[in-house]
Number of protein chains: 2
Amino acid sequence: MPERIYNFSPGPATLPLEVLHQAAKDIVNYHDKGIGLIEMSHRSKDFMAVIEEAENLIRDLLHIPQNYKVLFLQGGASTQFAMVPMNLLGPGKKGSYLNTGVWAKKAIKEANIVASAHVAYSSEGSKYDHVPVDGDYSVDPEAEYLYFVSNNTIYGTQFPVMPKSEKMLVCDMSSDIMSRPFDITPFGLVFAGAQKNIGPAGATLVIIREDLLDRVPETVPTMLRYITHAEKGSMFNTPPCFAIYTIGLVCGWLKKIGGIEAIEKINREKAAILYDAIDSSDFYRGHARKDSRSLMNVTFNLPTPELEGRFVQEGAKRGLDGLKGHRSIGGIRASIYNAFPKQGVIELVEFMREFEKNA
Amino acid sequence: MPERIYNFSPGPATLPLEVLHQAAKDIVNYHDKGIGLIEMSHRSKDFMAVIEEAENLIRDLLHIPQNYKVLFLQGGASTQFAMVPMNLLGPGKKGSYLNTGVWAKKAIKEANIVASAHVAYSSEGSKYDHVPVDGDYSVDPEAEYLYFVSNNTIYGTQFPVMPKSEKMLVCDMSSDIMSRPFDITPFGLVFAGAQKNIGPAGATLVIIREDLLDRVPETVPTMLRYITHAEKGSMFNTPPCFAIYTIGLVCGWLKKIGGIEAIEKINREKAAILYDAIDSSDFYRGHARKDSRSLMNVTFNLPTPELEGRFVQEGAKRGLDGLKGHRSIGGIRASIYNAFPKQGVIELVEFMREFEKNA
């Protein structure tokens with residue numbers, strides 16, 4: 001096995017090696033203070049500086065204005081599926097949802113438990129192989145927001161541009177946040193589990209417009225209210241310190257290499273190399289419709305499931321790991337988030353050519 | 001500053017140094033597989049082994065029978081304050097609570113949001129300086145459970161023995177789990193934030209009797225239902241991988257040094273050294289009543305707040321860090337959880353004697 005494999009896992013996913021080395025050092029002895037990072041009180045000056053730095057980097061990279069709060073929560077995107085309607089809707093109120101995959105569908109289910117979801121569009125009938133464009137659906141006039149998932153990890157689809165709507169947007173950006181620039185101002189709320197593009201599992205980034213914090217009904221428990229965390233700088237209770245620290249390191253790395261504009265260019269290059277290889281062969285067939293292709297998760301099939309199984313196994317032997325597609329659609333999935341190196345994509349394409357020749 | 005300070009922080013708290021060294025290694029290259037621990041898919045064989053090992057060690061150390069589920073959740077004990085009544089009570093039902101500190105009081109508040117709390121006892125009037133004994137209170141005959149906090153971090157009090165009740169017990173053991181043996185069978189549910197005795201911040205251990213899983217009303221969102229996590233081995237969604245991994249390491253360390261019976265002996269020794277120093281001086285006054293003293297958090301006062309401030313500062317200069325008491329009662333708090341070394345307690349007592357002499 002090489003010293004470092006190429007890790008195509010959909011999440012938790014590959015992180016910059018320099019981030020891992022820094023974390024390894026700080027875990028034992030943070031800044032040579034004789035105490036490990038994960039042993040420090042969250043109320044200590046040192047940890048307060050860590051969380052501030054992480055927030056500042058996020059604001060800087062994503063150009064978040066002051067009327068938005070940046071929160072570090074726990075429970076993953078799955079907890080947000082419920083927190084969003086609990087805080088922004090409440091009983092009797094409604095949100096419009098674009099059902100472009102399993103994660104959108106799960107969010108719809110939770111919205112219907114605590115409030116009401118109007119499904120404005122669904123691509124479920126075509127195995128979620130695409131996302132809609134603006135004219136394809138109508139948002140409920142009574143809806144408080146339009147909810148969508150910007151990148152659908154399982155199917156390898158992504159909104160090439162953000163939807164436009166008179167309603168405020170709410171977005172699950174778990175699998176493509178910080179991979180390309182976007183304008184936050186049409187959004188009421190954006191959330192993202194950290195474990196794909198910005199850090200390890202264990203923290204969920206939430207960016208919420210300040211004026212929405214008061215909407216929450218009194219019946220919502222304290223920890224499930226955004227306002228609880230917003231008023232205390234994500235320190236109402238002990239936050240997931242290590243995950244927040246690592247998010248800060250990843251954002252620092254991203255800033256150093258040129259920020260989101262620079263990484264978008266690299267992401268487009270990496271994806272182009274892979275999609276070109278798929279399109280120039282009859283052996284490999286892309287799952288996602290070309291107009292909806294993801295820059296983060298590239299999904300494709302081989303002629304038979306047997307060949308796909310062999311492809312995954314032989315890839316792993318060469319240090320190309322985690323290529324197995326999600327069980328719901330099978331096939332191959334190459335997840336190539338921000339920190340995934342271009343060289344790994346080049347080596348995957350070489351392997352694809354060899355494999356096709358020998359098949 | 002010495003190579004490693006004595007960290008008296010109440011949480012996140014000191015961890016075994018060998019655990020930190022192992023984590024540092026695995027974060028960069030897990031078992032020499034060419035991939036870092038925090039980059040591994042939670043569905044990978046390697047991570048599945050990590051979470052299984054952590055659960056098995058917990059079951060082994062705490063003697064948890066098979067009719068209890070062991071879960072790793074997120075959101076801290078504060079989220080459990082709501083999840084417990086959401087799952088075990090529901091609207092119109094009632095739990096009895098012992099109000100022995102801020103954390104108990106917060107749990108009572110959440111219970112009253114989603115169901116109803118009967119306060120069977122309160123020591124708030126005496127600055128929470130003690131916990132009750134069995135005869136001191138009556139549990140509501142209609143209550144589903146008796147809820148208590150086994151160790152009250154802020155005040156330095158602890159139940160010397162667990163309460164007895166005809167009702168099932170529910171306990172917040174955040175600050176003394178695995179510090180002494182206990183019999184799980186009278187308990188319906190036990191929970192503990194990891195960041196004091198068993199790991200870093202970011203995971204909450206929940207041990208729940210299996211037959212209680214079905215009680216949850218249909219109106220509770222998916223992620224807030226214990227049954228969701230119990231049915232999927234804490235892998236319904238991406239779990240807090242690093243925190244779970246570290247819990248496994250800490251439990252492995254604890255098992256190696258002799259398990260909970262062995263650590264209890266050490267904990268009693270450490271606490272005795274410190275309480276003896278307090279009791280043998282008129283300069284230092286313990287906050288907790290002697291019959292309620294905690295083995296985990298030792299709280300005391302000096303003659304004046306000014307002296308207390310100097311004590312904290314001078315201690316920190318000698319590598320005795322994190323001694324400042326909680327703002328709600330002031331004074332000094334020395335948190336000496338499982339991983340806190342006896343030598344640190346000895347050095348604190350030496351410092352106390354010197355400080356008194358020079359004051």
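Predicted model only: the values in this text are computed from it and were never measured.

1. Considerations on the overall build of chain A
Turning to step 1, where the next piece is worked out: The secondary structure content of chain A amounts to nine helices and 14 strands.
Turning to step 2, where the next piece is worked out: Its C-alpha radius of gyration of 21 Å places chain A within 12% of the 21 Å reference for a compact globule of 359 residues.
Turning to step 3, where the next piece is worked out: The principal-axis extent of the C-alpha atoms belonging to chain A is close to 65 × 60 × 30 Å.
Turning to step 4, where the next piece is worked out: Out of the 359 residues belonging to chain A, those deemed buried represent 64%.
Turning to step 5, where the next piece is worked out: Across chain A, contacts joining residues at least 24 apart in sequence account for 66% of those joining residues at least 6 apart.
Turning to step 6, where the next piece is worked out: Put simply, chain A has 39 plus and 42 minus side-chain charges, and the middle of one group is 2 Å from the middle of the other.

2. Observations concerning the relation of the copies chain A and chain B
Turning to step 1, where the next piece is worked out: Mapping chain A onto chain B is achieved by rotating through 180 degrees and translating by 0.0 Å along the same axis, at an RMSD of 0.0 Å. What the superposition gives is, in effect, a two-fold axis relating one chain to the other. Every residue of chain A has its C-alpha some distance from the rotation axis, and the shortest such distance is that of Ala 24 of chain A, at 2.0 Å.
Turning to step 2, where the next piece is worked out: Comparing interface residues between copies, 100% of those in chain A also sit at the interface in chain B, which points to an isologous, same-surface contact.

3. A word on the sheet that holds strand β4 (residues 116–122) of chain B
Residue and element names in this part refer to chain B.
Turning to step 1, where the next piece is worked out: Ordered by their spatial adjacency, seven strands build an open sheet running β2-β10-β9-β8-β5-β3-β4, and the pairing between neighbours is mixed. Each having just a single partner strand, β2 (68–73) and β4 make up the two edges of the open sheet. For this sheet, the mean inter-axis angle between neighbouring strands, taken without regard to orientation, is 20 degrees.
Turning to step 2, where the next piece is worked out: Here two bridges tie strand β3 (residues 94–99) to strand β5 (residues 145–149), and the two strands are oriented parallel to one another. Residue Ser 96 lies in a different strand from β5, and its bridge partner there is Leu 146.
Turning to step 3, where the next piece is worked out: Sitting on the sheet, helix α3 (residues 76–88) touches β2, β3, β5, β8 (168–172), β9 (187–193) and β10 (204–209), and the angle it makes with β9 is about 160 degrees.

4. Re helix α7 (residues 259–279) of chain B
All names here are of chain B.
Turning to step 1, where the next piece is worked out: With 21 residues, α7 extends 30 Å between its outermost C-alpha atoms, agreeing within 8% with the 30 Å of an ideal straight helix rising 1.5 Å per residue.
Turning to step 2, where the next piece is worked out: Where α7 is concerned, the buried positions are Gly 259, Ile 260, Ile 263, Glu 264, Asn 267, Lys 270, Ala 271, Leu 274, Tyr 275, Ala 277 and Ile 278. Burial along α7 is one-sided: seen end-on, the buried residues are contained in an arc of 160 degrees. Exposed residues on α7 whose side chains face more than 90 degrees from its buried face are Lys 265 and Asp 276.
Turning to step 3, where the next piece is worked out: Looking at the buried residues of α7, the elements they touch are α2 (45–62), α6 (241–256), β11 (285–286), β12 (297–301), β14 (332–335) and α9 (342–358).

5. Overview of the domain arrangement of chain A
Residues and elements named next belong to chain A.
Turning to step 1, where the next piece is worked out: One can read the domain layout of chain A as domain 1 (18–256) and domain 2 (259–358).
Turning to step 2, where the next piece is worked out: Inter-centroid distance (C-alpha atoms) of domain 1 to domain 2 is 27 Å.
Turning to step 3, where the next piece is worked out: With 27 residues of domain 1 in contact, the opposing surface of domain 2 contributes 25 residues.
Turning to step 4, where the next piece is worked out: Of the roughly 2,200 Å² buried where domain 1 meets domain 2, counting both sides, 56% is carbon and sulfur surface.
Turning to step 5, where the next piece is worked out: The tally of links from domain 1 across to domain 2 stands at zero salt bridges.
Turning to step 6, where the next piece is worked out: Between domain 1 and domain 2 we count 14 residue pairs in polar contact (both at pLDDT 80 or more) in total.
Turning to step 7, where the next piece is worked out: Counting only elements with at least two residues in the side of domain 1 that touches domain 2, the list comes to α2 (45–62), β7 (157–158) and α6 (241–256).
Turning to step 8, where the next piece is worked out: Examining the composition of the side of domain 1 that touches domain 2, we find that three residues originate from one element, α6, more than from any other.
Turning to step 9, where the next piece is worked out: Of the residues that constitute the side of domain 1 that touches domain 2, the class distribution is eleven nonpolar, ten polar and six charged.

6. Examining the state of the cysteines
Turning to step 1, where the next piece is worked out: What the rule picks out here adds up to zero disulfides over all chains.
Turning to step 2, where the next piece is worked out: In this structure Cys 171 of chain A is not part of a disulfide, and its nearest cysteine sulfur, from Cys 251 of chain A, lies 17 Å away.
Turning to step 3, where the next piece is worked out: The cysteine Cys 241 of chain B is free of any disulfide, with Cys 251 of chain B supplying the nearest cysteine sulfur at 17 Å.
Turning to step 4, where the next piece is worked out: The class for Cys 241 of chain B is buried, based on a relative accessible area of 4%.

7. Some remarks on the pairing of β14 of chain B
Residues and elements named next belong to chain B.
Turning to step 1, where the next piece is worked out: Neither face of β14 is left uncovered, since the one carrying Ile 332 and Ala 334 and the one carrying Arg 333 and Ser 335 both have all their residues buried.
Turning to step 2, where the next piece is worked out: As paired strands, β12 and β14 are joined by four bridges and run antiparallel to one another. Counterpart to Val 298 in the pairing with β14 is Ala 334.

How each quantity is defined
Residues numbered from 1 in each chain as written. Chains lettered and ligands numbered in written order. Predicted model: local features only at pLDDT ≥ 70, side-chain atom pairs only at ≥ 80, totals over all residues. Heavy atoms only, no water. Helix = DSSP H or I, 4+ residues; strand = E, 2+ residues; numbered from the N terminus. Rg over C-alpha atoms; globule rule 2.2 N^0.38 Å. Buried < 20%, exposed > 50% of the residue type's maximum accessible area, 1.4 Å probe, protein only. Contact = heavy atoms within 4.5 Å. Lys, Arg positive; Asp, Glu negative; His and termini not counted. Charge placed at Lys NZ, Arg CZ, Asp CG, Glu CD. Least-squares fit on C-alpha atoms with pLDDT ≥ 70 in both. Pairing = 2+ DSSP bridges. Axes fitted to C-alpha atoms, helices over the stretch in contact; angles between N-to-C directions. Expected span 1.5 Å × (residues − 1). Arc of directions from axis to C-beta. Domains from an automatic or database assignment. Buried area = accessible area lost by both parts, 1.4 Å probe. Salt bridge = Lys/Arg side-chain N within 4 Å of Asp/Glu carboxyl O. Polar contact = N/O pair within 3.5 Å; in protein donor to acceptor, adjacent residues only side chain to side chain. Nonpolar A, V, L, I, M, F, W, Y, C, P; charged D, E, K, R; others polar. Disulfide = S-S within 2.5 Å.

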